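Chain by chain, the residues run as shown.
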Amino acid sequence: MLSRSNLNRLAAFWRHFPAANAVNLTLIIIGIMLVWLLISNTIENPARYLPSPIQVVLSSFDMIYKGLLPSYFGDTITRLVVGSSIGLALGIPFGLLLGLNRTVADMFYPMMNFFQSVSGIAIFPIVVVWWGNSDKTVLAVILYTSFFPIAFTVLSGVREVPLRYIHAARTLGASRYQIIRDVLLPGSMPHIATGSRLSIGFAWRAVIAGEMLAGREGLGWMIFTGQDADKTSEVILGMVMIGVSWIILDHYLLRPFEADTIERWGLVQR
Amino acid sequence: MSIVATASIAIQRRFGRQRLRQYILGSIPFVVLISAWHMNTVFEWLPPVFIPAIGEVWDAFFILQEDCAGVGAALTLDNSCLMSTHILSSIGRVILAAVIGLPFGIAFGILAGMSRPISKILEPIGIFANSISGIAWIPLAIVWFGVGWMTTLFIMLNTIFWLMFFNSMMGVRGVARVYEQSVLTMGGNRLDVITQVYLPGAMPSIISGMRMSMGFGWRALIAAEMIGGDSGLGFMIFSSAEEFKIEEVFLGVIIISLIFLATDRYLLMPLEKWTIHRWGLVWKPT
Amino acid sequence: MPAKLVVEGLTHHYPDEYTGESVHALEKINLEVDEGELVTVVGPSGCGKSTLLNILAGLLPYREGIASVDGVQISGPGSDRGVVFQEHAILPWRSVAKNIGHGLEIKGMAKEEREARVKDFVDLVGLSGFEDKYPHELSGGMKQRCAVARTLCADPVIMLMDEPFAAVDAQTRITLQEELNRIAIATKKTIMFITHAVDEAAFLGDRCFVFSARPGRLKAIVNINIPRERRIWADMNADEEFVSSRDEILRLVREEVSVAVEE
């Protein structure tokens, strides 16, 4: 029965979906597609300069059928995961060490600052001379780019733990080790989460650049060779893949993880 | 009192004990690293093809500049003045991209911050453009503009514009409505609101965005020059690596980071610090 | 019976954070706190009350004079002196029960024993039912109750309190003061309570130490002879002893404030 109260209930149910936003987004995407279609139909040689969305979709079918797209995607994600996890595994303890000891921090801070300003991509030519166009080269670049942001964030995280927490623990008779375990480590957790997200973001860029430069198979390589082989539709397909994967990774994995950590550690002002 | 002790006290007074300690401690890793680098050359732990001698890196600068006809030729980016041409074309692109990209980014950002409909359209596009990351645009840019100035400039502009757009938009959104209302009740019009409320109110965020976009832009530019450039420092290190001229690669990398460090520390950071203090906020080092 | 806390000839200077000039915070402080006594310390702002507390807590090293608890000279923080801080210093990532048991955890007490003890103190401060809540889910008053329970649970010889109720609203403050009075009766704990509120000092203290403006000296000691059981705010304004002690403290503090203003 479709009574009035049932209708109201249905409306209330519907309101739980971010439908308005989704409709909006769909309209924008359709709008962009139309403009894109229009442009590619008016210019000369659209296959080279701006293939229409339809061609891009078709080329994606082609690449999925040949199994290339999933394999490239897998390669890129694997590199990101391996590279950034090693980067985080090294960067977090290093940042903690720097945060805990003033002398160590004073010693290494300027040097870290210098190396951070040498962007990871700029050291690529050096590494490529050492190890050639190999996976090792790409991993080194990812490691280099993801290490510094996390180390710096963790360092400031430890430093920003309010002094009153440390004082309170000391008056309860806590030893230095207990202060580190009970106060400084948990106190810097939100910064560790934020820094990880930042680092993975940098690593993502580095993966794409590394694959292009070192010619290792993956999404970066796909757009680079696509340009070489004059397959612009594959270039655009690769770009869309890169953009969409990052949005999914960031909005549905990294951001919720960060927000959750910050909330769990009770540092939200409510 | 010995001369050493007197000098040490004078230095301590000049810089402050804490500062001095930081300088000395901070220089230790650099000294160690440079000595290790030098020792590597002396004892040949790693072959000079992998790690060049310090002297060679220093000489490379002058060798690259050797054939230069003079200041005039250097300024016109003549191909005979390799070193200065690479440096100047990279810096030139940065300036050009900043001059074009920053005002546009700020203008669109403020507009989007003020108007919901505009931001609803531009924001998703911006999120998508940012997630593609400047570097992934390089192949398409090469298709459109070929290898050279236009491609590198496009990559940097693209990176700067969207970062600037987001920061300005967020800055405007953070401005309290009361300020707008107070200007309107005093008889101000829409333009007054923009120039007297939104622009100054968003200023700290805009300046931070400038610093951030220059950092990201510089990285993107180096990558663009490597893949799609025919001059500039990125092109230099990449092509030198292909010819195994490792001393030129080292030289290029050092120059790239020095230029970035100098601009960031002595231009952008003081500017950011000043704005944030001036607007009554607390600046935190990043 | 010897005093629990003894301070003799304590003088303290510290460098100003901005100018670097030496600030004379405390001048020859002599005081004693007996077992089971609740003393309040009151004085104009900047009189060195907090400096004194930080020294007693062991957070601030001192050179001139003697400060000892149970005959042991103070030389750093220790679990014999518990501190309740001005701001919320309970750890935001620990639940109420975990915060209260933190001191025992640091001592290495076994889990079952600890939990039983924590339960007693949760009940004592009236936080039953909130054991598993996190500090950000508590009101300001509840946070401070949790802080008091944490300190008491570690069973210190003396509890030092640094303006603990300054940041809560007036209504809650009255409740917290009455609660503290009740806790003092129940635990017979030796307590030193620092405040700038004269009412609070007179209501809570067995004795009230009035400090002078900088450099802080012990200016006067006001005895407040009201049995703890009778200390309820509703009756206080009719209580002659309370009113006269309060006015006495107020007069002493006002003298100092005017001195500070004239300078």
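Keep in mind the model is a prediction, meaning the values are calculated, not measured.

### A word on the packing of helix H9 (residues 177–185) of chain B against helix H10 (residues 190–228) of chain B
Residue and element names in this part refer to chain B.
So, step 1. At their nearest, the axes of H9 and H10 sit 10 Å apart, and the two run at 155 degrees to each other. In terms of their interaxial angle, H9 and H10 are classed as roughly antiparallel. Considering only the axes of H9 and H10, their crossing is right-handed. Of the residues in H10, those in contact with Tyr 179, Glu 180, Val 183 and Leu 184 of H9 are Asp 192, Val 193, Gln 196, Val 197 and Gly 201.
So, step 2. Residues that form the contact of H9 with H10 fall into these classes: 5 nonpolar, 2 polar and 2 charged.

### Some thoughts on the interface of chain B and chain A
So, step 1. Each partner contributes residues to the interface: chain B has 40 residues there, and chain A has 42 residues.
So, step 2. Put simply, the parts of the chain that give the side of chain B that touches chain A at least two residues each are helix H2 (17–43), helix H6 (116–136), helix H7 (138–145), H10, helix H11 (233–242) and helix H12 (246–278) of chain B.
So, step 3. It is H6 of chain B that provides the largest number of residues to the side of chain B that touches chain A, a total of 10 residues.
So, step 4. For the side of chain B that touches chain A, the residue count by class is 31 nonpolar, 6 polar and 3 charged.

### Concerning the pairing of strand S7 (residues 158–162) of chain C
Residue and element names in this part refer to chain C.
So, step 1. Among the 5 residues that make up S7, 5 are buried, leaving the element largely enclosed by the rest of the structure.
So, step 2. Of the two faces of S7, both are covered, the one formed by Ile 158, Leu 160 and Asp 162 as well as the one formed by Met 159 and Met 161.
So, step 3. The pairing of S7 with strand S8 (residues 190–195) spans 5 bridges and is parallel. By the bridge assignment for S8, Met 159 is matched with Ile 191.
So, step 4. Once the chain exits S7 it traverses helix H6 (residues 170–187) before rejoining the sheet at S8, and the crossover so formed is right-handed.

### Side note on the domain arrangement of chain A
So, step 1. The domain boundaries assigned to chain A delineate domain 1 (4–42) and domain 2 (52–264).
So, step 2. Put simply, the middle of domain 1 of chain A and the middle of domain 2 of chain A, counted by C-alpha atoms, are 33 Å apart.

### Let's talk about the nonpolar core
So, step 1. Judged by nonpolar contacts, the single largest core of 211 residues is most densely connected at Val 141 of chain A, Ala 223 of chain B together with Ala 149 and Met 192 of chain C.
So, step 2. By residue number, the principal contributor to this core is H10 of chain B, which donates 16 residues.
So, step 3. When residues no more than four places from it in sequence are discounted, the contact partners of Met 192 of chain C are Leu 5, Val 33, Val 39, Val 41, Ile 158, Leu 160 and Met 161 of chain C.

Thresholds applied
- Residues numbered from 1 in each chain as written.
- Chains lettered and ligands numbered in written order.
- Predicted model: local features only at pLDDT ≥ 70, side-chain atom pairs only at ≥ 80, totals over all residues.
- Axes fitted to C-alpha atoms, helices over the stretch in contact; angles between N-to-C directions.
- Helix = DSSP H or I, 4+ residues; strand = E, 2+ residues; numbered from the N terminus.
- Parallel < 35°, antiparallel > 145°, perpendicular 65-115°, else oblique.
- Left-handed = near helix turned anticlockwise from the far one by under 90°.
- Contact = placed C-beta atoms within 7 Å.
- Nonpolar A, V, L, I, M, F, W, Y, C, P; charged D, E, K, R; others polar.
- Buried ≥ 20, exposed ≤ 12 C-beta atoms within 10 Å, placed from the backbone.
- Pairing = 2+ DSSP bridges.
- Right-handed = clockwise from strand over helix to strand, strands pointing away.
- Domains from an automatic or database assignment.
- Core = buried A, V, L, I, M, F, W, Y, C linked by C-beta atoms within 7 Å.

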